[in-house]
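Per-entry structural report
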Amino acid sequence: MISILRRGLLVLLAALPMMALAAPGQSARDVIQGTTTQMLDALKSNKEQYKANPREFYDAMNNILGPVVDADGISKSIMTVKYSKRATPDQMQRFQENFKRSLMQFYGNALLEYNNQGITVDPARPEDGDRTSVGMKVTGTNGAVYPVSYTLEKIQGEWKVRNVIVNGINIGKLFREQFADAMQRNGNDLDKTIDNWAGEVAKAKAVTEDAAEKQAQ
């Protein structure tokens, strides 16, 4: 069984591609630092209440994270041009909603057990263009350090997180591969793949958990 730290870490990794608390003039580092702080503060203030009613916690997560995600860009990236160009607007919308809902459900309970073992955001890096990265380290009580790297893009003047790499695992690439594999298994049935996406997120969660388990050994 993975430790509380690893479960707490994994939700941050997987959810943070959506955690762009963007505002005009914010640096990419401020986006990561501010959103992480906001979510953990909300958790700290309402932890027992959220444990008693996890659905309320999922709603709180969505209120913090949902409105600021570049869901369209992330969804198209996971689908790739091959599949997104044939998707209808309704299919794209359903996929975006299923993607966000699956992450909240699979990782929300893990975050409820996170106990502020230690999170630091790396110093700011130059932001000369419209793409940059921000590093984060999560330190466990046993001294193990879990590195995370977020890729951000500037969209209409605001930094939005578009991808995350944890322990060398590129989460965006992992989801793209899983989507393509699911399409093949489903006979290129886009609706079936979209409707069953929660299972694919569960597989990605298992991969990241396995990587964290191996690192801790």
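What counts, and where the lines are drawn
- Residues numbered from 1 in each chain as written.
- Predicted model: local features only at pLDDT ≥ 70, side-chain atom pairs only at ≥ 80, totals over all residues.
- Heavy atoms only, no water.
- Helix = DSSP H or I, 4+ residues; strand = E, 2+ residues; numbered from the N terminus.
- Buried < 20%, exposed > 50% of the residue type's maximum accessible area, 1.4 Å probe, protein only.
- Contact = heavy atoms within 4.5 Å.
- Areas by Shrake-Rupley, 256 points an atom, 1.4 Å probe, with all protein chains shown as cover.
- Axes fitted to C-alpha atoms, helices over the stretch in contact; angles between N-to-C directions.
- Parallel < 35°, antiparallel > 145°, perpendicular 65-115°, else oblique.
- Nonpolar A, V, L, I, M, F, W, Y, C, P; charged D, E, K, R; others polar.
- Pairing = 2+ DSSP bridges.
- Phe/Tyr/Trp six-rings, centres within 6.5 Å; stacked < 30°, edge-to-face > 60°.
- Polar contact = N/O pair within 3.5 Å; in protein donor to acceptor, adjacent residues only side chain to side chain.
- Salt bridge = Lys/Arg side-chain N within 4 Å of Asp/Glu carboxyl O.

Per an unreviewed UniProt entry, the chain goes by the name Phospholipid transport system substrate-binding protein and belongs to Pseudomonas japonica.

As for the overall build of the chain
A tally of helices and strands in the chain yields 8 helices and 5 strands. For the chain, the proportion of its 217 residues judged to be buried stands at 48%. Of all intrachain contacts in the chain linking residues separated by at least 6 positions in sequence, the fraction that spans at least 24 positions is 62%. A total accessible area of about 10,200 Å² is found for the chain, and carbon and sulfur atoms account for 48% of it.

Details of the packing of helix α4 (residues 71-84) against helix α6 (residues 171-185)
Close contact between α4 and α6 brings their axes to 8 Å; oriented N to C, the two are set at 45 degrees. Viewed along their axes, α4 and α6 adopt a mutual orientation that is oblique. Here S77, I78, M79, T80 and Y83 of α4 come into contact with α6, specifically with F175, R176, F179, A180 and M183. Grouping the constituent residues of the contact of α4 with α6 by class yields 7 nonpolar, 2 polar and 1 charged.

Looking at the sheet that holds strand β3 (residues 145-155)
On the basis of which strands lie adjacent, the open sheet formed by 5 strands has the order β1-β2-β3-β4-β5 and antiparallel pairing. The open sheet has two free edges, formed respectively by β1 (119-121) and β5 (169-170), since each of these has just one partner strand. Pairing geometry for strand β4 (residues 158-166) and β5, over 2 bridges, is antiparallel. Across the sheet, the residue bridging to I165 is N170, located in β5. Sitting on the sheet, helix α2 (residues 28-52) is in contact with β1, β2 (131-139), β3 and β4, with an inclination near 40 degrees to β2.

Quick notes on the packing of aromatic side chains
Evaluation of the coordinates by the stated rule reveals 7 aromatic pairs. Ring geometry for F95 and F99: centres 6.4 Å apart, planes at 40 degrees, overall tilted. With F95 and F99 both in helix α5 (residues 89-111), this residue pair falls 4 residues apart, about one helical turn. Given the relative accessible area of 5%, F99 is considered buried. An aromatic cluster of three or more residues is present, and its members are Y83, F95, F99, F175, F179 and W197.

What to know about the environment of S102
When you line up the elements, S102 lands in helix α5. S102 sits 95 residues away from W197 along the chain, and the two C-alpha atoms are 7.7 Å apart.

Here's the deal with the side chain of S133
Inspection of the secondary structure puts S133 in strand β2. Take S133: its relative accessible area is 18%, and that puts it in the buried class. Among the polar contacts made by the side chain of S133, one reaches the side chain of R125 at a distance of 2.5 Å. Every residue in contact with S133, bar those within four places of it in the chain, is listed here: R125, S149, Y150, T151 and L152.

Some details on the pattern of salt bridges
Counting across every chain of the model gives 9 salt bridges. Between D90 and R94 there is a salt bridge; the shortest N-O distance is 3.3 Å. Here D90 and its partner R94 are both found in helix α5, 4 residues apart, which amounts to about one turn of the helix. Close ionic contact of R94 with D195 constitutes a salt bridge, the shortest N to O distance being 2.7 Å. Of this pair, R94 sits in helix α5 while D195 sits in helix α7 (residues 190-195); the two residues are 101 residues apart in sequence, bridging distant segments of the chain. Looking at R94, the relative accessible area reads 23%, which means it is partly exposed.

Let's talk about the pairing of β2
Looking at chain direction, β1 and β2 are connected through 3 bridges and run antiparallel. Pairing of I119 across the sheet is with V138, part of β2. Direction of pairing for β2 relative to β3: antiparallel, over a ladder of 9 bridges. Counted as the bridge partner of T139 is V145 from β3.

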